[in-house]
2 protein chains.
Amino acid sequence: MSQYWSKLVHSLTPYVPGEQPKLQNLVKLNTNENPYGPSPKVIAALQAEAADSLRLYPDPDSSRLKAAIAEYHGLQANQVFVGNGSDEVLAHVFQALLKHDQPLLYPDITYSFYPVYCGLYGIDFETVPLNARFEIAIDDYLRPNGGIIFPNPNAPTGIPVALSEIERLLKANTQSVVVIDEAYVDFGTESAVSLVNQYPNVLVTHTYSKSRSLAGLRVGYAVGDAALIEALIRVKDSFNSYPIDRFAEAGAIAALQDEAYFQQTRQQVIAARDQLVLDLQGLGFEVLPSGANFIFARHPKYAGEQLAASLREQAVIVRHFKKPARITDFLRITIGNTSQNQALMQALQSIVQA
Amino acid sequence: MSQYWSKLVHSLTPYVPGEQPKLQNLVKLNTNENPYGPSPKVIAALQAEAADSLRLYPDPDSSRLKAAIAEYHGLQANQVFVGNGSDEVLAHVFQALLKHDQPLLYPDITYSFYPVYCGLYGIDFETVPLNARFEIAIDDYLRPNGGIIFPNPNAPTGIPVALSEIERLLKANTQSVVVIDEAYVDFGTESAVSLVNQYPNVLVTHTYSKSRSLAGLRVGYAVGDAALIEALIRVKDSFNSYPIDRFAEAGAIAALQDEAYFQQTRQQVIAARDQLVLDLQGLGFEVLPSGANFIFARHPKYAGEQLAASLREQAVIVRHFKKPARITDFLRITIGNTSQNQALMQALQSIVQA
């Protein structure tokens, strides 16, 4: 607290990211990173950027990257916005497109950054409870609103919403922007990018931090109607002219160009998830159906916080959320590689059977 | 314009950065980049980051970088804030520390991003005219205010304010934050970092884009009292958890560690500036006294806009500002390397003597 702080600073409740431990040799299954590193072609493109040209600013419009993303999705470059991770993209989205007189709607159990953005920008919101199966029920969003946002698949549940349900929402909700946060979509959920040319009020956000194995590079993007993108550009150009550095642009373009590597690694993660679900069910866990690179699971006999602490004692870190009450016994577990998943299961076997 | 835009978006007047031309072989003296690339040790550190570890998020707190900056300046790590270029740092500064009931003060001729931030965050401001010699006159800031910000040296004039004058301001102005934007300080201006431990309301911002030859990497920072830094962290953690990617942190640390390279390149730029000033004066230009890596100059017989256009025809690009009226005949010219400065002088000789 300080007399020098603006009123806003006193009122903020910042987001708390998952731990990035400085210890080595932890089995790190807490922040949904990809167990596989980026493609060798991406590494090569990044090495080439370590050069004299770093003395020059990057392209403030990231034109080459926007063109590459547009081509990948069959869109035009003016339908693409890029940012320093999808969190920065989302921040601009909240300020530019989701602040209106009526309240923003999002699920009561979802990405915990959404209420933080609302606090930062003074956005009125109402949360919509997930149904008894922890699903997003589209009917519950069919009411007056200043905007709608949810992840698909939802986080931290991992449960997808069918594309037909999203289209039903867009047909009914034409007066406000609907943001589909597809951070995890590549692990088995249907993307709404196919709806962008039909509905002027849908915005779809993606990240390079999960399926593209580049959390350390900070690239995210949004696709939508050109008018929505223009709003984001206006905010971005009032905040920071050059958020995408030379490495980020080059690495992100190279990642899109190695489709074979992308398909191979995401299929490996999906296969490992399906195996892990079976293994956890064998130990008595209830696992919610996941279309993501993580699962959300609870055990009928063990409290979530205690399980997370016991795993940590065995050098396995997963994410536990202390609220809301409905999910306090769940663990969110990132899908690792084979040895990481085995280490998780060995640790759980020693805990759950103890 | 769109019904989906927030009210704010309709009202914004975004910043327009200097052109980043896609043509090669231009003599690019328009955005104050360093003519010398980063140190070979920085290049090596960056190459080492192109690795499997990019699948993991960076440290959200950039702890190693903060520690390195703190050590460099003889401060504590909790007196350091880092961001995606000093523009991002400044954006957070405006929102966290410069929005108060009384108006913010800054010069009428200064970095043109300041009014853009005020528009983005709804900050009331008053501009303080430079004196007849285009200098910041501290006496004009000794009045009630909600904050004070100016670059030192000022941009685009390049004229420095003496450290004793800044200390006089801090002694008189204790009720609001004074931000000294030292983007260009390493080219011959006294830094106010030495005042940080004595005055709890001074915040000093630096960038890696100029004297550190890393405009393409996007790193900037602020140093000040821990309470000021805490405000910035609260806003940053409500906006984007991980603005500093793995390359940015590693490259910025390596740059601080090669002091010899830093001293050599900045002295080369200073020496080239001093020569360029003499050469321009020889052509009849009036050149404002510069403590920066650029000079601000006008010719009594030629309009600024026309000179900039004529230079562009000869593949030399400099920056011309269309307003305010007092500076429309000035050109802001970045100090280049020897051959760039020669190309500039040859072009000017053909124009001015024609």
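Here goes a summary of the coordinates provided.

What follows covers the packing of helix H10 (residues 304-313) of chain B against helix H11 (residues 338-352) of chain B. Residue and element names in this part refer to chain B. Two elements in contact, H10 and H11, have axes separated by 10 Å at closest approach and are oriented at 120 degrees. Relative to H11, the element H10 lies oblique. The two elements H10 and H11 cross, and the hand of that crossing is right-handed. The segment H10 lies against H11, with Leu-307, Ser-310 and Leu-311 engaging Leu-344, Ala-347, Leu-348, Ile-351 and Val-352.

Before going further, it helps to spend a moment on the interface of chain B and chain A. Between chain B and chain A, the contact holds 86 residues from the first and 86 residues from the second. Carbon and sulfur atoms supply 56% of the area that chain B and chain A bury against each other, a total of about 7000 Å² over both sides. The tally of links from chain B across to chain A stands at two salt bridges. As a salt-bridge pair, Lys7(A) and Asp101(B) come within 3.0 Å of each other at their nearest N and O atoms. If you look at where chain B meets chain A, you find 42 residue pairs in polar contact (both at pLDDT 80 or more). Going through the elements one at a time, helix H1 (7-11), helix H2 (40-49), helix H4 (85-97), helix H5 (114-121), helix H7 (226-236) and helix H8 (246-257) of chain B are the ones with two or more residues in the side of chain B that touches chain A. Counting residues per element, the side of chain B that touches chain A draws most heavily on H4(B), which supplies seven residues. Looking at the side of chain B that touches chain A residue by residue, the classes come out as 41 nonpolar, 27 polar and 18 charged.

Another aspect to go through is the nonpolar core. Membership of the largest hydrophobic core comes to 113 residues, with the highest contact counts inside it found for Tyr208(A) and Tyr208(B). If we skip the residues at most four places from it in the chain, Tyr208(A) touches Leu65(A), Ile69(A), Ser213(A), Leu214(A), Ala215(A), Val219(A), Tyr221(A), Ala252(A), Ala255(A) and Leu256(A). One finds Phe113(A), Ala222(A), Leu90(B) and Ala96(B) within the second-largest nonpolar core, a separate group that totals 72 residues.

A few words now on unusual backbone geometry. Residue and element names in this part refer to chain B. At the junction of Ala-155 and Pro-156, the peptide bond is cis and its omega measures out at 5 degrees in the coordinates. Omega for the bond connecting Lys-323 with Pro-324 falls within 30 degrees of zero, at -5 degrees, which places this linkage in the cis form. Inspection of the secondary structure puts Pro-324 in the loop between strand E11 (316-317) and strand E12 (330-334). Positive phi, normally seen in glycine, also occurs at Asn-32, with a value near 60 degrees. With respect to the helices and strands, the residue Asn-32 is situated in the loop between strand E1 (27-28) and H2. Not every positive phi belongs to a glycine, and Ser-62 is a case in point at roughly 45 degrees. Topologically, Ser-62 is positioned in the loop between H2 and helix H3 (63-73). Given a relative accessible area of 1%, Ser-62 falls into the buried group.

The rules we used
Residues numbered from 1 in each chain as written. Chains lettered and ligands numbered in written order. Predicted model: local features only at pLDDT ≥ 70, side-chain atom pairs only at ≥ 80, totals over all residues. Heavy atoms only, no water. Axes fitted to C-alpha atoms, helices over the stretch in contact; angles between N-to-C directions. Helix = DSSP H or I, 4+ residues; strand = E, 2+ residues; numbered from the N terminus. Parallel < 35°, antiparallel > 145°, perpendicular 65-115°, else oblique. Left-handed = near helix turned anticlockwise from the far one by under 90°. Contact = heavy atoms within 4.5 Å. Buried area = accessible area lost by both parts, 1.4 Å probe. Salt bridge = Lys/Arg side-chain N within 4 Å of Asp/Glu carboxyl O. Polar contact = N/O pair within 3.5 Å; in protein donor to acceptor, adjacent residues only side chain to side chain. Nonpolar A, V, L, I, M, F, W, Y, C, P; charged D, E, K, R; others polar. Core = buried A, V, L, I, M, F, W, Y, C linked by side-chain atoms within 4.5 Å. Buried < 20%, exposed > 50% of the residue type's maximum accessible area, 1.4 Å probe, protein only.

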